[in-house]
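Here's the letter readout for the chains.
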Amino acid sequence: MKLTLSAFKTSSLVAVVLALLVLGGCSEFRDEILAPESKVSSCEGCHTNYTHLKQVFSPDTDLPPPGCGDAVYIEPYDRVFMGGEGYEKFKNSSHGKIPCTSCHGGADGTADKKLAHSGNFTKHPSDQPEKNCAPCHAAIVRNVTNSLHKEAWGMRRMTTLRMGVGSFDQLPQSIKDGYKRNCSRCHASCGDCHVNRPHGGGGGLYKGHEFRKTPSVTGHCTTCHVSRVGHAYFGIASGTLPDVHLTKLGDGHCFNCHSGREMHGDGQIYDQRYKMPMLPKCETCHGQVATSNLYHRVHINTFNCHTCHSQNYNNCGSCHIGGAGVRISPYIGFKIALNPIPDTRPYKFATVRRAAAAPDSWRNYGVAQLPNFDVRPTYNYATPHNIQRWTRRTQVAAGRACFDACHIIKEGVVYRNRELYLFNSDLLNWEVNANRNIVVDGKLPASWGVQ
């Protein structure tokens, strides 16, 4: 197996990817390659014979373009090899009793690769969930068809809005093609969470074809959600700590807060992820939070929880779809702005993260400038997965006022804490109009003296 790191923009992202591989990736191959060689005149025989797979594999000819989460390259023969403990679990499971051709099509009982992969053969049966998954998992398939994980409705909506058209179907064909090649590949079929590695983790079988009811945190969840979630959750960035929900909740699994029902969806379409009603709520575990201390009593309805309890988090910006990636390299920062989604979240102020959108994001697909780019901010509502009780904003020196670490305070000619807030002066020229409704200029208390 060959692993090749893509050109990540910061060493911190390289670090998180390496951490994920150490935790959940490469070790499986050391075990699987030691599996006994087998005859090759069947689907199972071929895919459990590592030597044979290396002889007959087809090299990649059309790799997808690089993206935020694409960190590793795994050889084609490693992606389809079945061996090790995961393969044994698969063999002994109900899925292991189903003939290969029932899901994958093609022809069994032959050593001829071309014949085995002929006819109705499909690499990824869960790309057709109604046919291959619904017979046993009908309710889940009905819901997941419209889920955010499968369809990325928010990304579709933003592309549609910034193009200034009424629906995704009205986009130019070149944009729809670019979206399919670049954006939609980051979103998941059933198999991407329960059988395979996601694309960003190199693709292919995750554990020898084992069907995992609960996806792996490092092998699935943070393989896709790496720069915006895993990087923060594991405390990779210099000066940050792992999220308290990782260190205090036993295994720290994502499903401690995010349920399977949320992941699968409820069958409805939500064009913005924060509209999903099954998202976790802090109040579920912190029931008395509104009155538990002075900070909460004063600010519970004004600031989202993350403005006080997040650490610094990853940002980036100005990407070319299908191009060289972001021009504003990933960086660690923290910003509070006017809430960009007041109809969905009730707060006046919220944490925001710089998004990758730029007016010329789609120039490689025939659109030099998005005609309606300024319709939405380039800083999005953010809920970073790096929660701590005590942060720079909740901890003040002895004898200082409770607001000392978060209000802007004039000291001589210096405005201390000003860097926490998003001002016009923080924006590039092409960002100013897009963010006009969320910058804090003229919106902060007059007593702070920063009008």
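See the structure printed just above.
What counts and how
- Residues numbered from 1 in each chain as written.
- Predicted model: local features only at pLDDT ≥ 70, side-chain atom pairs only at ≥ 80, totals over all residues.
- Heavy atoms only, no water.
- Helix = DSSP H or I, 4+ residues; strand = E, 2+ residues; numbered from the N terminus.
- Buried < 20%, exposed > 50% of the residue type's maximum accessible area, 1.4 Å probe, protein only.
- Contact = heavy atoms within 4.5 Å.
- Areas by Shrake-Rupley, 256 points an atom, 1.4 Å probe, with all protein chains shown as cover.
- Phe/Tyr/Trp six-rings, centres within 6.5 Å; stacked < 30°, edge-to-face > 60°.
- Lys NZ or Arg CZ within 6 Å of the ring centre and 35° of its normal.
- Pairing = 2+ DSSP bridges.
- Axes fitted to C-alpha atoms, helices over the stretch in contact; angles between N-to-C directions.

Thoughts on the overall build of the protein
Tallying secondary structure elements over the protein gives 21 helices and seven strands in all. Burial status across the protein gives 46% buried among its 451 residues. Taking the intrachain contacts of the protein between residues at least 6 apart in sequence as the baseline, contacts between residues at least 24 apart amount to 63%. With the model as given, the accessible surface of the protein reaches about 22800 Å², and the carbon-plus-sulfur share is 56%.

Concerning the packing of aromatic side chains
Tallying each qualifying case throughout the model produces 12 aromatic pairs. Aromatic side chains Y274 and Y381 sit 4.8 Å apart centroid to centroid with 70° between the ring planes, which places their arrangement in the edge-to-face category. Highlighted residues: Y274 in the loop between helix 18 (260–264) and helix 19 (282–285) and Y381 in strand 5 (residues 379–381), separated in sequence by 107 residues. Of the two residues, Y274 and Y381, neither departs from the other in class, the shared state being buried. Pairwise contacts between aromatic rings join Y50, F57, Y77 and F81 into one cluster. Sitting over the ring of F334, R393 keeps its end group 3.8 Å from the ring centre. R418 extends its terminal NZ or CZ atom over the ring of F423, reaching a point 3.8 Å from the ring centre.

Comments concerning the side chain of N196
Mapped onto the elements of the fold, N196 is located in the loop between helix 14 (190–194) and helix 15 (217–224). Under the relative-accessibility criterion, N196 is labelled buried at 11%. If we skip the residues at most four places from it in the chain, N196 touches H124, G191, G204, L205, Y206 and H220.

Some points on the pairing of strand 1 (residues 313–320)
Here strand 1 lies mainly inside the structure; eight of its eight residues are buried. As defined by bridge partners, strand 1 adjoins strand 2 (residues 325–333) across six bridges and the pair is classed as antiparallel. The partner of N315 across the bridge, within strand 2, is Y331. The antiparallel pairing of strand 1 with strand 2 creates a hairpin that spans four residues between the two strands, and G322 there sits at a positive phi of about 75°.

A look at the sheet that holds strand 3 (residues 335–338)
If you trace the three strands from one edge of the open sheet to the other, you get 3-4-5, paired in antiparallel fashion. The open sheet has two edge strands, strand 3 and strand 5, and neither has a second partner. On average, each strand axis in the sheet is tilted by 55° relative to the strand beside it, whichever way the strands run. Note that strand 4 (residues 349–354) and strand 5 share three bridges and pair antiparallel. Across the sheet, the residue bridging to R353 is N380, located in strand 5.

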